[in-house]
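If you want the building blocks of each chain, they are given just below.
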Amino acid sequence: MNPTLKVAISMALALGSLSTAQLAVAEKRPRSTGTIRDLESREIRIEPDPPTDVKPAQAIEQYKRFLELPSLDEKMRAEAMRRLGDLQLEADEDRGEVPALPNPSPVAGTATAPATAAAAAPLTGPELQGAIKLYEGLLATYPNYERNDKVMYQLARAYEANSQPEKALVVLDKLVKQFPSSQWIIEAQFRRGEILFSATRYREAELAYLAVIAGGQAGGFYDQGLYKHGWSLFKQGRGEESVDSFLKVIDSMLVMEDGKLKNRDNLQRASRELSDDAFRAIAITYFDLDGAASLDAALKQRGDPVYAHLLYEALGNLYLEKERYQDAALTYETFAKRRPADRFAPSLQARTIEAYQKGGFNSLVLESKESFVERYAFGSAFWAERSVEEAPEVVAQLKTNQKDVAEYHHAQAQKSKKPEDYAAAARWYGVMLTSFPHDPEVPATRYLLAEVLFESGQFASAAKEYETTAYEYPVHAKSADAGYAALIAYQKHEPSLTGEARTAWRRKGIESALMFASTYPEHVEATRVLTKADEDLFALNEFDRVIEVSGQILARKPPADQKQQRTAATLLAHSLFDRGRFVEAEQAYVRVQGYLAANDPDRTAIGERIAASIYKQAEAKQAAGDGGAAVDDFLRVGALAPDSKVRMNAEFDAASILIKNQQWDRAAQVLEGFRRKYPNHELAPEVTRSLAVAYSETGRAGEAAAEFEKIAASPKETADVRRAALLQAATLYEKSKSTANVARVYGDYVKQYPRPLDAAQEARQKIADLAKQQNDSRARAQWMTEIIAADKVAGAARTDRSKYLAARATLEQVQPDVAAFNSIKLVVPLDKSLKAKRKAMEKVLASYGQALDYGVAEVTTASTFGMAELYRQLGTDLMASERPKGLDAEAKEQYDVLLEEQAFPFEEKSIELHEVNAKRAGDGVYDDSVRRSFDVLAKLKPARYAKAEISEEYVPTLR
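Residues numbered from 1 in each chain as written. Predicted model: local features only at pLDDT ≥ 70, side-chain atom pairs only at ≥ 80, totals over all residues. Heavy atoms only, no water.

**Let's talk about the overall build of the protein chain**
- Of regular secondary structure, the protein chain possesses 43 helices and two strands.
- Burial statistics for the protein chain: of 959 residues in total, 46% are counted as buried.
- In the protein chain, the share of contacts with a sequence separation of at least 24, taken over all contacts with a separation of at least 6, comes to 58%.
- Here the protein chain has roughly 49,700 Å² of accessible surface; of this, 52% comes from carbon and sulfur atoms. (Helix = DSSP H or I, 4+ residues; strand = E, 2+ residues; numbered from the N terminus. Buried < 20%, exposed > 50% of the residue type's maximum accessible area, 1.4 Å probe, protein only. Contact = heavy atoms within 4.5 Å. Areas by Shrake-Rupley, 256 points an atom, 1.4 Å probe, with all protein chains shown as cover.)

Here is the structure:
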């Protein structure tokens, strides 16, 4: 085989299989013999793109051998040289010896020394040197090679890697000139710009970057091109011109398609640093010009971008970095003044304050804070476009600055004592209260406002603010102090008033004192304040208020001191007497006596007041026709005030009333004596009636009942009177807890007066209830039966009440049958025990049916509930019944299934009846039985009933 062909085949095998079309052989002769020798006459063609699965070192070696072939044509040799050069360059790149082109958005360098691709350290590996020689040879030998644009691009890269930027630039210049449409043109221009920039040839670099920019975003280096274009201009001293490029960089990095600003924190690090560097470059430009004024003028001409605040912030930050604090503050404030309603204006205004603080300009700090709170107060243009929730940090800054300004002016006022300083402090505290009326610190702020007003002698206004602080907010640290301070303010202001104005002001002060004492009863001054208010009220003849306040003083815990108690008790007694409340006045004067020593000169006067109070009570009762009570009061005068001047009159009046009017206790004594002396007197019945009433009025119920029984037994009385007397006797025996007599009298009543039916039924119910109280179930059942029977035979005389009592009695009599049903256990043999249980169940159901027939809602719902539970219990008992012995697992399972089939209808019937009860709620019936049905349904059908069954608004309709 031809040696050249062997090498070619070997090289092709190194690049891939002959069958992959990486190696193509063209026929040169019209015929072939079909042998290997025929290959010698064929042309070898190498595809322009090598396979990707070949090891680079092996490929490099094969290309070198291939290029040694003497018979290669120019096209093949040129392609092989380029391919070999690329492989060697790539091999160096893999080892980090050839710097790759920067990414489209690299991490930017500092503002004073932006990063360049040409700044890489020299790397001179053997493959790199070989690649350079190959590229140089290729361009020299084959100037018309169709892919020389890429060769030039690669050679420029190799020169850069070999620390030969000048040579790289020459090659790149040729490339952009000879191949303006090359796919490498944008990258080539960017590399040119980087090399030129590094060589401080900024004008030429500017033009190169312009070419990159012209390629747009599709070129892959648009943002970097803009960025470096800006720096090229800047380095030429054309800072204002550079701003356009830097702004476009920022536009690309920060502005979304909809024109809104991106969150810088969400940017990738490279983009964030590139945009930050652009801001700094712009800041340096205007720093070198006329600072904020030049930036402001430029933006007025260009129009504000959405990130305008960041431009001012960057410039201000640069001033801070240079420790030019006033310039920094003015820069921040320039934006705030220019666009006060902008979302970011407050934050820059806050930076103004910070800058002055860092510079130690205290007066300017204050001015800035005042400017802030005036510019961003609620109601300003800033808040016209947004809510508080949209700018919480501005709210916080506004609050802080308002507080700082107010406290500053307050401190100044305390030092200078000047009215204007106090006025300024008051104004700013007022601004705080208006701006943040619901802030937790409002009480403390209002207290400070009151303090300012007090300190400046504005006592009336101070009192008002103190009161608001003390009483219109939840209790806070200054509540009690404010309340007490208000009282001092009232006292301070009063001397400046006269006439009615002074009286009106004193009344307001009294109300404030009362409010203080009731709100802060534990305060050390509370009792003293309350006593002083009590005296002031008495002086103003406000007797009703004195009564109230004196009572509060006397009821205080811990007690007021004795002097304060004596004062309060005396004022209370006088006020009660003045208001005609003589009973209470008497008690109050007696209490005053307790504070007086035996030789106290006031004892005589207080004694006369006590006698007068009692006498007035007696007169009032006599005028009202209460002679007996009047007698008692008249006689009490002598007991409590034996030395008083009115005692003789009081006892004479008492004697007169006893003759004229009967008092029940004494009347009873007289009547009892009368009966003992004259038992057969014609007035005996009247005596009996009077004694019955007297005993009743004096609480001697048993004795009164006996008298009423005598009336009921008297043939001289009408039937209605006798019947009513017998009922009254029973009632009185109940009151005296004479159970045996109650049952006896009610029993007599039922026998003597079966009509009217309702009264007789009530009597039977009373006897039944007594039997229940005594656990006499037999007697209870007997009377329940009588109630049912009496109603049943009453015919047209039946009433709703009689039917109600009979229905309840019927329902009660079902319970023993229910108990009997529940006592029957389902045991083997099941059919026998089940039959007994079914029979018991039918009996209960029949009884419930009788109860239902009465049509009484309460009984109907209870019967329905009972019937439903009866069915449910039967189903439950079936499932819990005894299983036959000897069942294997399968048989037991089948048996359980059969039980479930038997039990299911009972549960369904139970649900049906409970639902009948539940539906009654819709008709306004929601008693205990309906509620219990809902409870059961909630367990049986939770999906539907496990929730609130009915609104409580139904309940009142049942009453």
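Moving on from the coordinates now.
**A word on helix H42 (residues 928-940)**
- With 13 residues, H42 ought to run about 18 Å at 1.5 Å a step, and its terminal C-alpha atoms sit 18 Å apart, in line with that.
- Three or more residues of H42 are buried, namely Ser929, Val930, Ser933, Phe934, Val936 and Leu937. Mapping the buried residues of H42 onto a view down its axis gives an arc of 165°, with all of them on the same face.
- Where H42 is buried, its residues touch helix H40 (857-879), helix H41 (889-919) and helix H43 (942-945).
- Measuring from the backbone nitrogen of Ser929 back to the side-chain oxygen at the start of H42 gives 3.2 Å, which picks out Asp927 as the cap. (Expected span 1.5 Å × (residues − 1). Arc of directions from axis to C-beta. Polar contact = N/O pair within 3.5 Å; in protein donor to acceptor, adjacent residues only side chain to side chain.)

**Quick notes on unusual backbone geometry**
- The amide bond that connects Lys557 to the next residue, Pro558, takes the cis arrangement and shows omega of -5°.
- With respect to the helices, strands and loops of the structure, Pro558 is situated in the loop between helix H25 (543-554) and helix H26 (562-578).
- Note that the residue after Arg755, namely Pro756, is joined by a cis bond; omega there is 0°.
- When you line up the elements, Pro756 lands in the loop between helix H35 (739-752) and helix H36 (757-773).
- Despite not being glycine, Ser163 has its phi angle at roughly 60°, a positive value.
- Considering the arrangement of structural elements, one finds Ser163 in the loop between helix H5 (148-161) and helix H6 (165-178).

**Some points on the confidence of the model for the protein chain**
- Confidence in the prediction of the protein chain, expressed as mean pLDDT, is 82, and 86% of residues score 70 or more.
- Every residue in residues 1-42 scores below 50 in pLDDT, and together they form 59 contacts with partners more than four places removed in sequence or on other chains.
- Below pLDDT 50 for its whole length, residues 102-113 participates in 32 contacts with residues either more than four positions away or in separate chains. (pLDDT = per-residue confidence, 0-100.)

**Thoughts on the nonpolar core**
- In this structure, Ile250, Phe279, Ile282, Leu311 and Tyr466 are the most contacted members of the largest nonpolar core, which totals 183 residues.
- Here Ile282 is in contact with Val243, Phe246, Leu247, Ile250 and Leu311, once residues within four sequence places are set aside.
- Ranked by size, the runner-up nonpolar core spans 62 residues in total, among them Leu691, Ala729, Val745 and Ala851. (Core = buried A, V, L, I, M, F, W, Y, C linked by side-chain atoms within 4.5 Å.)

**Points about the environment of Ala486**
- For Ala486, the location among the structural elements is in helix H22 (residues 479-493).
- In this structure, the C-alpha to C-alpha distance between Ala486 and Ser461, residues 25 residues apart in sequence, is 9.8 Å.
- Ignoring any residue separated from it by four or fewer positions in sequence, one finds Ala486 in contact with Ala463, Tyr466, Glu467 and Ser512.

**Digging into the packing of H26 against helix H27 (residues 582-593)**
- Across the interface, H26 lies against H27 with an axial gap of 8 Å and an inter-helix angle of 155°. One way to sum up the angle between H26 and H27 is to call them roughly antiparallel. Relative to H27, the crossing made by H26 is left-handed. Contact residues: Gln565, Ala569, Thr570, Leu572, Ala573, His574, Leu576 and Phe577 in H26; Phe582, Glu584, Ala585, Ala588, Tyr589, Arg591 and Val592 in H27.
- Of the residues in the contact of H26 with H27, the class split is 10 nonpolar, three polar and two charged. (Axes fitted to C-alpha atoms, helices over the stretch in contact; angles between N-to-C directions. Parallel < 35°, antiparallel > 145°, perpendicular 65-115°, else oblique. Left-handed = near helix turned anticlockwise from the far one by under 90°. Nonpolar A, V, L, I, M, F, W, Y, C, P; charged D, E, K, R; others polar.)

**A closer look at the pattern of salt bridges**
- For the structure shown, the criterion picks out 63 salt bridges.
- Notably, a salt bridge pairs Asp342 with Arg339, separated by 2.6 Å at the nearest N-O pair.
- Taking relative accessible area as the criterion, Arg339 reaches 25% and is therefore assigned partly exposed.
- Residue Asp877 pairs with Lys837 through a salt bridge whose shortest N-O separation is 3.0 Å. On the criterion of sequence distance, the pair formed by Asp877 in helix H40 and Lys837 in helix H39 (residues 830-853) is long-range, its members being 40 residues apart. As far as burial versus exposure is concerned, Asp877 and Lys837 are alike and both buried.
- One network of salt bridges, with partners in common, ties together Asp296, Lys300, Asp304, Arg338, Arg339 and Asp342. (Salt bridge = Lys/Arg side-chain N within 4 Å of Asp/Glu carboxyl O.)

**Points about the packing of aromatic side chains**
- For the structure on display, the rule yields 28 aromatic pairs.
- Consider the rings of Tyr376 and Phe382, whose centres lie 5.5 Å apart with planes at 80°: the pair is edge-to-face.
- The buried category is assigned to Phe382, whose relative accessible area is 1%. (Phe/Tyr/Trp six-rings, centres within 6.5 Å; stacked < 30°, edge-to-face > 60°.)

**Considering helix H13 (residues 308-321)**
- If you check H13, its first and last C-alpha atoms are 20 Å apart, about what 14 residues at 1.5 Å a residue would give, namely 20 Å.
- Within the span of H13, buried status applies to Ala308, His309, Leu310, Leu311, Tyr312, Ala314, Leu315, Gly316, Leu318, Tyr319 and Leu320.
- Against the buried residues of H13 lie helix H10 (239-254), helix H11 (269-288), helix H12 (292-302), helix H14 (325-338) and helix H15 (345-359).
- Where H13 ends, the next residue or the one after it, Glu323, has phi of about 60°, a positive value.

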